[in-house]
Amino acid sequence: MIRFLAPLLMAACSAGTPHFRDVPATRVAVNGSVFDIRVRGELAEAVRMNSQYAPRLGPIRDRAALAMAQVSGCPILDVLGDAAVTVGVLGCDRRAGERLLLTAVSTPNYECVDFGIYEGDGKNDGYQVFECTPY
């Protein structure tokens, strides 16, 4: 019985919160943290997929914001949540199709290098890998 429940429980961990449940995820790695990113309307969600020993929200928050910005193409105005699931407020209007900035935001400047797509191990899909450093 446990054999059959384990895959369901694992799938539930990455399904997203109710607001984002039907939105397909884009998997992104930023500085050692792997996130499933979903974007709906003016919000983005980052669900951390890898295990990390005693993560604090501070570093995870910055990495999640960078991942959400990479996937959405918008600056992130604010990030709320915890070390497992964060939600970011997008700083542009994606619904208008033009990505106009809504407000001026002050965010740390990062330079991100795209290392391409990590090839999955057959069990997991590949995902985009970025290494980001402040400048």
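Thresholds, definitions, all that
Residues numbered from 1 in each chain as written. Predicted model: local features only at pLDDT ≥ 70, side-chain atom pairs only at ≥ 80, totals over all residues. Heavy atoms only, no water. Helix = DSSP H or I, 4+ residues; strand = E, 2+ residues; numbered from the N terminus. Buried < 20%, exposed > 50% of the residue type's maximum accessible area, 1.4 Å probe, protein only. Contact = heavy atoms within 4.5 Å. Areas by Shrake-Rupley, 256 points an atom, 1.4 Å probe, with all protein chains shown as cover. Pairing = 2+ DSSP bridges.

## Points about the overall build of the protein
So, step 1. Summing up its helical and strand segments, the protein has two helices and nine strands in all.
So, step 2. Mapped in sequence order, the helices and strands of the protein form the string α-β-β-β-α-β-β-β-β-β-β.
So, step 3. Counting the 135 residues in the protein, one finds 29% classified as buried.
So, step 4. In the protein, once contacts between residues fewer than 6 apart in sequence are set aside, the share between residues at least 24 apart is 42%.
So, step 5. As displayed, the protein has an accessible area near 8500 Å², and 56% of this comes from carbon and sulfur atoms.

## Some details on the pairing of strand β4 (residues 76-81)
So, step 1. Here β4 runs beside strand β5 (residues 85-90); their pairing, made up of five bridges, is antiparallel. The residue of β5 that forms the bridge with I76 is L90.
So, step 2. Hairpin remark: β4 followed by β5, antiparallel, with three residues in the connecting loop.

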